[in-house]
Amino acid sequence: MSVTPPWLEPLLSTTFFSSCKTHINAPRNECNMYCLDCMESFCFYCKQSWHNDHQLIQIRRSSYHDVVRVVEIQKVLDITGVQTYVINSARVIFLNERPQNQIKNTNAVISGSKSNSHLCEICARYLLDPFRFCSLGCKLVGIKKNGNASFVLSTKKEEEIGKMQERKLLSKEEDEEILIMREGIHKQQVYKSTSSPYSSQQACSNSRRRKGIPHRAPLGP
């Protein structure tokens, strides 16, 4: 079995966010999605027409560089060893190596050797956490160079991802049940609040009623 899927290299070499040639005059026509089955980029309208039942991932932008959300890519790819980042409240990884100044790169290597900083094994980019690669592209180069990594999901990881999806589904169902219960309680409270004025008025009127038989004042002689 190959350690890299056949669609990965075409994905990394694809240029995204260009206007779709098929829907050139339509709004939202930027090609920011990728089909793993057809191995091509496409826009929102192409998805509805030709890729509705295919495996898809959406490409996003961060500082003019292409990224993909971890929750999407980890379903089809083992991203172990690749540095992740939190951008717009979502965890993402970069598709390719980002250009960096050669002088800064050299200084990073020198300072990294002194302070044990985390560096990408391929491009020597400074990493925030103890990962091996800064992007999917660098991991691909590392696999070809050393062969000590893989993009293939193991059976155990596939099971873990499946369990995570099941937990999310159950959590969503539980949230819906709680919402329904709250709506029912709210309706009961509204019903009680609308019926309570009549009850309180009736209680007040009853409290003002005189009890027993009224006695007249005695008549004078």
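Computed from a predicted structure; not experimentally measured. (Residues numbered from 1 in each chain as written. Predicted model: local features only at pLDDT ≥ 70, side-chain atom pairs only at ≥ 80, totals over all residues. Heavy atoms only, no water.)

Engineer: I would appreciate a short explanation of the side chain of Asn32 in the present structure.
Structural biologist: Topologically, Asn32 is positioned in the loop between helix H1 (8–12) and strand E1 (33–35). Classification of Asn32 by relative accessible area gives buried; the value is 13%. Apart from the residues within four sequence positions on either side, Asn32 is in contact with Phe16, Phe17, Phe42, Gln58 and Ile59. (Helix = DSSP H or I, 4+ residues; strand = E, 2+ residues; numbered from the N terminus. Buried < 20%, exposed > 50% of the residue type's maximum accessible area, 1.4 Å probe, protein only. Contact = heavy atoms within 4.5 Å.)

Engineer: Looking at this structure, how should I read the sheet that holds strand E6 (residues 90–94)?
Structural biologist: Strand order in the open sheet formed by 6 strands is E2-E1-E3-E4-E6-E5, and the pairing between neighbours is antiparallel. Each edge of the sheet is formed by a strand with only one pairing partner; in this case those strands are strand E2 (40–42) and strand E5 (85–87). Strand-to-strand, the axes of this sheet are offset by a mean angle of 45°, without reference to chain direction. Pairing of E1 with E2 involves 3 bridges; the strand directions are antiparallel. Residue Met33 lies in a different strand from E2, and its bridge partner there is Phe42. (Pairing = 2+ DSSP bridges. Axes fitted to C-alpha atoms, helices over the stretch in contact; angles between N-to-C directions.)

Engineer: Could you clarify how one ought to interpret unusual backbone geometry in this entry?
Structural biologist: Despite not being glycine, Ser63 shows a phi value in the positive range, around 55°. If you check the backbone angles, Tyr64 has positive phi at about 65° while not being a glycine. By secondary structure assignment, the location of Tyr64 is in the loop between strand E3 (56–62) and strand E4 (65–69).

Engineer: Can you walk me through the pattern of salt bridges in this structure?
Structural biologist: If the charged atoms of two oppositely charged side chains come close together, the side chains can form a pair. Under the counting rule described, the total for this entry stands at 4 salt bridges. In this structure, the salt-bridge partner of Arg61 is Asp66, at a minimum N-O distance of 2.8 Å. On the accessibility criterion, Asp66 (16% relative accessible area) is buried. For the salt bridge of Arg132 with Glu121, the shortest nitrogen-to-oxygen distance reads 2.8 Å. In this pair, Arg132 sits in the loop between strand E8 (126–127) and helix H5 (136–146) while Glu121 sits in the loop between strand E7 (118–119) and E8, placing the two residues 11 residues apart along the sequence. Classification of Arg132 as partly exposed rests on a relative accessible area of 24%. In this structure Glu121 comes out as partly exposed when scored by relative accessible area, which is 41%. (Salt bridge = Lys/Arg side-chain N within 4 Å of Asp/Glu carboxyl O.)

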